[in-house]
Amino acid sequence: MSTKFVITGKRPLYGEIAVSGMKNAALPILFATILTGDVCTLENIPAVSDITNSLTLIQHMGAQVKYLSPTSVLINTSGIRQGTSPDDLVRKMRGSSYLLGAELGRFGKTRIAWPGGCDFGGSRPLDQHMKGFRALGAKTDTEGGYIYAEADEGLVGNSVYFDVASVGATVNVILASVFAKGTTVIENAAREPHIVDLANFLNACGANIVGAGTSVIKVHGVEELHGCNYTIIPDMIEAGTYMVAVAATGGCVRITSVIPKHVESITSKLCEMGVRVEEEDDAVVVISDGKLQNINIQTVYYPGFPTDMHPQFAVLLCIANGIGNIHEGVWQNRFRYTEELTKMGAKIMVDTQNATIIGVEQLTGAVVKATDLRAGAALVIAGLVAQGVTEVRGVHYIKRGYENLVEKLRGIGADIEEVPLEDPTADTTAAKAN
């Protein structure tokens, strides 16, 4: 059933809100269980559609999946059958691309449909993934909407240099090289916390990976892995989204289950805008009077400012004093959501990968549509701060990455509810389906 979020804005937020496990860490780890051919228990799994779809996908491939609690799942991948991933599920998620590295690493070959996911209006190529596979000795091809890779004589460790610090390519080469003969050296590797979490999981299963979290990762090939119990790290983008929501509306909220170091770049920009952020061991407290100063933002790879937080900060700049600027340095054409914000009274000028935002006194409620996951989160924040009622459609995008968003926000004072969409055909989005 198609639904929408209905938000009545201008309410400050107070109280405490908990962050769920990181979707972007859980996805590669979930597919990495394929390499073990054993039983793994994953805890702090977020209840979001990307995770449930991924679990359904590997079940179709022969895995046994059992929920031990809403956030804990047992996965037995001993019965996984290579090349049996359902095309429709693969095409729903960008994270399904991790099947490439997992299948290639375990079986020496892979074949999957072209992965889906959020479409930012530009390409999200897999060229760096393929480059890494070829360096390990695999032959690759794309034909008829499918991706192939095969290593007839086995994978062999090698040096892999990425032209860009791609998270997905780093994950896939790690997965593919765990059983490769010798040592694989990944240079210009992505440094995100979820890369570290993947390496920690695989090492707990018997892998030998060093350097995760730096730009050079070394994977020393091993002969086998075993299952383990593992807890997924907290979601830094979910935490950042709540931090921005409080900054926008005003109020005081303690955000728990956070690793403060992971949100340092977010904290720094909020403080620059005049928001007070207090760090605790595993929480942050955000205090805001809603009066914000303009800033300039440039998204870069971790540990710089994350691209997945730029739409949320765009909302802050819409109501900040003066003129702010966002330069998107990771993805092309990620500003399509700004058309929705202008429906609410925002003043935004976009030029390719740059947006200049002139602060206005207030936003006004409107009917808007999410074009991707983080754009949807931004529209929710805009609704929380706007005068009047906002309807956010395309909420299936938001549910890809935020667990119980409505319930969590209501718990800190937001006036938000999820209701059926009267005319489901009206819920078409400008972006392609997941």
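Scroll up to find the structure this text is about.
Residues numbered from 1 in each chain as written. Predicted model: local features only at pLDDT ≥ 70, side-chain atom pairs only at ≥ 80, totals over all residues. Heavy atoms only, no water.

Chemist: Tell me about the pattern of salt bridges, and name the residues and values.
Modeler: If the charged atoms of two oppositely charged side chains come close together, the side chains can form a pair. With the rule as written, the count across this model stands at 16 salt bridges. The closest approach of N and O atoms between Lys269 and Glu272, which form a salt bridge, is 3.4 Å. Taken together, the residues Lys269 and Glu272, both in helix H9 (residues 264-272) and 3 residues apart, mark about one turn of the helix. One salt bridge connects Arg334 with Asp308, and the closest N-O pair in it is separated by 3.0 Å. Note that Arg334 is positioned in the loop between strand E18 (323-328) and helix H11 (338-342) and Asp308 in the loop between strand E17 (296-299) and helix H10 (310-319), a separation of 26 residues in sequence. Summarising the burial analysis for this pair, Arg334 and Asp308 share the class buried. What you see here is one network of salt bridges that share partners, running through Lys4, Glu391, Arg393 and Glu422. (Salt bridge = Lys/Arg side-chain N within 4 Å of Asp/Glu carboxyl O. Helix = DSSP H or I, 4+ residues; strand = E, 2+ residues; numbered from the N terminus. Buried < 20%, exposed > 50% of the residue type's maximum accessible area, 1.4 Å probe, protein only.)

Chemist: Can you lay out helix H12 (residues 373-385) for me, pointing to particular residues and giving the numbers?
Modeler: With 13 residues, H12 extends 19 Å between its outermost C-alpha atoms, agreeing within 8% with the 18 Å of an ideal straight helix rising 1.5 Å per residue. For H12, the buried fraction is high: 13 of the 13 residues fall into the buried class. Two to three positions downstream of the cap, the backbone nitrogen of Arg374 sits 3.1 Å from a side-chain oxygen, assigning the N-cap of H12 to Asp372. (Expected span 1.5 Å × (residues − 1). Polar contact = N/O pair within 3.5 Å; in protein donor to acceptor, adjacent residues only side chain to side chain.)

Chemist: Give a description of the environment of Leu225 that names residues and reports values.
Modeler: The residue Leu225 is located in the loop between strand E12 (216-220) and strand E13 (229-231) in this model. Residue class for Leu225 comes out buried when judged on its relative accessible area of 9%. Sequence separation between Leu225 and Ala239 is 14 residues, and the spatial gap between their C-alpha atoms is 33 Å.

Chemist: A description of the side chain of Thr184 should follow, citing residues and the corresponding values.
Modeler: Mapped onto the elements, Thr184 comes out in strand E10 (residues 183-187). Classification of Thr184 by relative accessible area gives buried; the value is 0%. Not counting residues up to four positions away in its chain, the partners in contact with Thr184 are Leu136, Gly157, Asn158, Val160, Val173, Ser177, Ile217, Lys218 and Val219. (Contact = heavy atoms within 4.5 Å.)

Chemist: Pulling in residues and values, what's your account of the side chain of Lys4?
Modeler: Its location among the elements puts Lys4 in strand E1 (residues 3-8). Judged by its relative accessible area of 3%, Lys4 falls in the buried class. Side-chain polar atoms of Lys4 contact the side chain of Glu391, separated by 3.1 Å. The contact partners of Lys4, leaving out residues within four places of it in the chain, are Glu391, Val392, Arg393, Val395, Glu417, Glu418, Val419, Pro420, Leu421 and Glu422.

Chemist: Got a sec to walk through the nonpolar core? Specific residues and values, please.
Modeler: Ile58, Leu202, Ile255, Phe313 and Leu363 are the most contacted members of the largest nonpolar core, which has 148 residues in total. Filtering out sequence-adjacent residues up to four positions away, Phe313 remains in contact with Val244, Ile266, Lys269, Leu270, Met273, Ile295, Ile297 and Phe305. (Core = buried A, V, L, I, M, F, W, Y, C linked by side-chain atoms within 4.5 Å.)

Chemist: I'd like a description of a nonpolar patch on the surface, backed by residues and values.
Modeler: Taken together, Ile323, Met349 and Ile358 make up a surface patch of nonpolar side chains, about 270 Å² in accessible area. As for its placement among the helices and strands, Ile323 is situated in strand E18. (Patch = residues over 30% accessible without salt bridge, like charges linked within 9 Å, V, L, I, M, F, W, Y side chains within 5 Å. Areas by Shrake-Rupley, 256 points an atom, 1.4 Å probe, with all protein chains shown as cover.)

Chemist: Kindly report on empty space enclosed by the protein, identifying the contributing residues and their values.
Modeler: A full pass over the atoms with the stated rule returns 1 cavity of 30 Å³ or more. Volume-wise, the largest cavity comes out at about 60 Å³. Thr241, Tyr242, Ala245, Ala377, Val380, Ile381, Leu384, Tyr402, Leu405 and Leu409 are the residues that line the largest cavity. Those elements that provide at least two residues to the lining of the largest cavity are helix H8 (236-249), H12 and helix H14 (405-410). Considering each element in turn, the lining of the largest cavity owes the most residues, 4 residues, to H12. Of the residues contributing to the lining of the largest cavity, the split by class is 9 nonpolar, 1 polar and no charged. (1 Å grid on protein atoms, 1.4 Å probe; cavity = no way out; pocket = protein on both sides within 12 Å on 5 of 7 lines; lining within 4 Å. Points joined across faces, edges and corners; volume = space filled by probe spheres on them. Nonpolar A, V, L, I, M, F, W, Y, C, P; charged D, E, K, R; others polar.)

Chemist: Residues and numbers for the packing of aromatic side chains, please.
Modeler: This structure, assessed with the given rule, holds 3 aromatic pairs. Seen in terms of ring centroids, Phe201 and Tyr230 are 5.7 Å apart; in terms of plane orientation they differ by 75°. Their pairing is edge-to-face. In this pair, Phe201 is assigned in helix H7 (residues 193-204) and Tyr230 in strand E13, connecting sequence segments 29 residues apart. Note on Phe201: relative accessible area 0%, which makes it buried. Residue class for Tyr230 comes out buried when judged on its relative accessible area of 13%. (Phe/Tyr/Trp six-rings, centres within 6.5 Å; stacked < 30°, edge-to-face > 60°.)

Chemist: Describe the sheet that holds strand E9 (residues 159-161), and please don't skip the residues or the numbers.
Modeler: Taken in spatial order, the 4 strands make up an open sheet running E9-E10-E12-E11, and their pairing is mixed. Looking along the sheet, the strands with just one partner apiece sit at the ends: E9 and strand E11 (208-210). Each neighbouring strand pair of the sheet contributes to a mean axis angle of 15°, computed without reference to strand direction. Across 3 bridges, E11 lies against E12 in antiparallel orientation. Opposite Val210, over in E12, you have Lys218 as the bridge partner. (Pairing = 2+ DSSP bridges. Axes fitted to C-alpha atoms, helices over the stretch in contact; angles between N-to-C directions.)

Chemist: So what's going on with the packing of helix H1 (residues 23-36) against H7? Residues and values would help.
Modeler: The geometry of H1 relative to H7 is characterised by a closest axis approach of 9 Å and an angle of 30° between their N-to-C directions. The orientation of H1 relative to H7 falls into the category roughly parallel. Judged by the twist between their axes, the crossing of H1 over H7 is right-handed. Residues Asn24, Ala25, Pro28, Ile29, Ala32, Thr33 and Leu35 of H1 touch H7, and the partners they reach there are His194, Asp197, Leu198, Phe201 and Leu202. Looking at the contact of H1 with H7 residue by residue, the classes come out as 8 nonpolar, 3 polar and 1 charged. (Parallel < 35°, antiparallel > 145°, perpendicular 65-115°, else oblique. Left-handed = near helix turned anticlockwise from the far one by under 90°.)

Chemist: Can you lay out the sheet that holds E17 for me, pointing to particular residues and giving the numbers?
Modeler: The 4 strands lie next to each other as E17-E18-E20-E19, forming an open sheet whose pairing is mixed. The open sheet terminates on both sides in strands that have one partner only, identified here as E17 and strand E19 (347-351). Pairwise comparison of adjacent strand axes, ignoring direction, gives a mean angle of 15° for this sheet. Where E19 and strand E20 (residues 354-358) come together, 5 bridges link them in antiparallel fashion. Bridge pairing in E20 links Asp351 to Asn354.

This is a description of form; function is not addressed.
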